[in-house]
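# Descriptive structure summary
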Amino acid sequence: MNDRTVVYVIEGSVYLRAEISHKLGSLGIRSVVFNDVGELPAKIENPVVFLLQHEAPCRAQIDKYRADHAPISAKVEFSCNAGYDKAVTAIREGASDFVVWPAEPRLLDRAIYRAEDDLRRNQPAKVMGGRAKE
């Protein structure tokens, strides 16, 4: 049984969405693809990792969406024409990791693993809060 976290890919290019989804699948990581933030569910109860392009217009919206609708989530950003400044900005703005696309499989896997690790470290407090209410 695969216990990897589902990755929500938010990408405007249908070709890039397919390529990312295929690469994640080859690593045994299930993905769900979306064109933009407006297509995301109203509420996400399970842990999820968001994967989005650093230059995407929805980048500014995703953090608000995560806070309001996906309380147990992490973010990984990528860029097709990356530079050091983009990686630093992504990490400073809350990304668990940053990858250059097309990503080498081991680097993509490591980035998702880091995001999952962030989820594991942050989830207990949120779960305990829910259990206290019960």
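The paragraphs below set out a description of the structure included in this document. Just so we're clear, the structure is a prediction, and the values are computed from it rather than from any experiment. (Residues numbered from 1 in each chain as written. Predicted model: local features only at pLDDT ≥ 70, side-chain atom pairs only at ≥ 80, totals over all residues. Heavy atoms only, no water.)

## Describing the pairing of strand β4 (residues 73–79)
Here is the key point about a regular strand: its side chains alternate between the two faces of the sheet. Filter applied, for reference: The classification of residues rests on relative accessible area computed with a 1.4 Å probe and restricted to protein chains. Under 20% of the type maximum is buried, over 50% is exposed, and intermediate values are partly exposed. Helix and strand definitions follow DSSP, with helices as H or I runs of at least four residues and strands as E runs of at least two, each counted in order from the N terminus. For two strands to count as paired, DSSP must find a minimum of two bridges between them. With its strands directed away from the observer, a crossover is right-handed exactly when the path from the first strand over the helix to the second travels clockwise.
In terms of burial, β4 is a largely internal element, seven of the seven residues being buried. Alignment of strand β3 (residues 48–53) against β4, held across six bridges, turns out to be parallel. The partner of L52 across the bridge, within β4, is E77. Crossover β3 to β4 through helix α2 (residues 59–69) is right-handed. Bridging between β4 and strand β5 (residues 97–100) involves four bridges; their strand directions are parallel. When the bridges of β5 are listed, F78 appears paired with V99. For the segment spanning β4, helix α3 (residues 84–92) and β5, crossover handedness is right-handed.

## Overview of the pattern of salt bridges
What counts is decided by this rule: What counts as a salt bridge is simple: a side-chain nitrogen of Lys or Arg found within 4 Å of a carboxyl oxygen of Asp or Glu.
Using the criterion set out here, one finds 13 salt bridges in the structure. A salt bridge links D109 to R4; the nearest nitrogen and oxygen atoms lie 2.9 Å apart. Highlighted residues: D109 in helix α4 (residues 105–133) and R4 in the segment before β1 (6–10), separated in sequence by 105 residues. Between R106 and E104 there is a salt bridge; the shortest N-O distance is 3.6 Å. Exposure remark for R106: the relative accessible area of 55% places this residue in the exposed category. Several salt bridges converge on common partners, so that one network encompasses R59, D63, R66, K75, E77 and E93.

## A few points about the pairing of strand β2 (residues 31–34)
In this sheet, β2 lies alongside β1 in parallel orientation, the contact comprising four bridges. Across the sheet, the residue bridging to V9 is V33, located in β2. The handedness of the β1 to β2 crossover, carried by helix α1 (residues 14–26), is right-handed.

## Examining unusual backbone geometry
Following W101, the chain continues to P102 via a peptide bond in cis, the omega torsion being 5 degrees. Considering the arrangement of structural elements, one finds P102 in the loop between β5 and α4.

## Focus on the packing of aromatic side chains
Just so we agree on the cut-off: Only the six-membered ring of Trp is used, alongside the rings of Phe and Tyr, when aromatic pairs are assigned; centres must lie within 6.5 Å, and planes under 30 degrees apart are stacked while those over 60 apart are edge-to-face, with the rest tilted. Only when the NZ of Lys or the CZ of Arg is both within 6 Å of the ring centre and within 35 degrees of the ring normal is a charge said to sit over the ring.
This structure, assessed with the given rule, holds four aromatic pairs. On the numbers, 5.1 Å between centres and 45 degrees between planes, the contact of Y8 with F34 is tilted. Taken together, the positions of Y8 in strand β1 and F34 in strand β2 put the pair 26 residues apart, joining distant regions of the chain. For the pair Y8 and F34, a shared accessibility class is recorded, and that class is buried. Pairing Y8 with F50 gives two aromatic rings, centres 5.9 Å apart and planes at 85 degrees, and the pair type is edge-to-face. On the criterion of sequence distance, the pair formed by Y8 in strand β1 and F50 in strand β3 is long-range, its members being 42 residues apart. Look at F50 and you get buried, because its relative accessible area is 0%. Here the aromatic residues Y8, F34, F50 and Y65 are joined through ring pairs into a cluster of three or more. Over the ring of W101 we find K23; its NZ or CZ atom is 5.1 Å from the centre of that ring.

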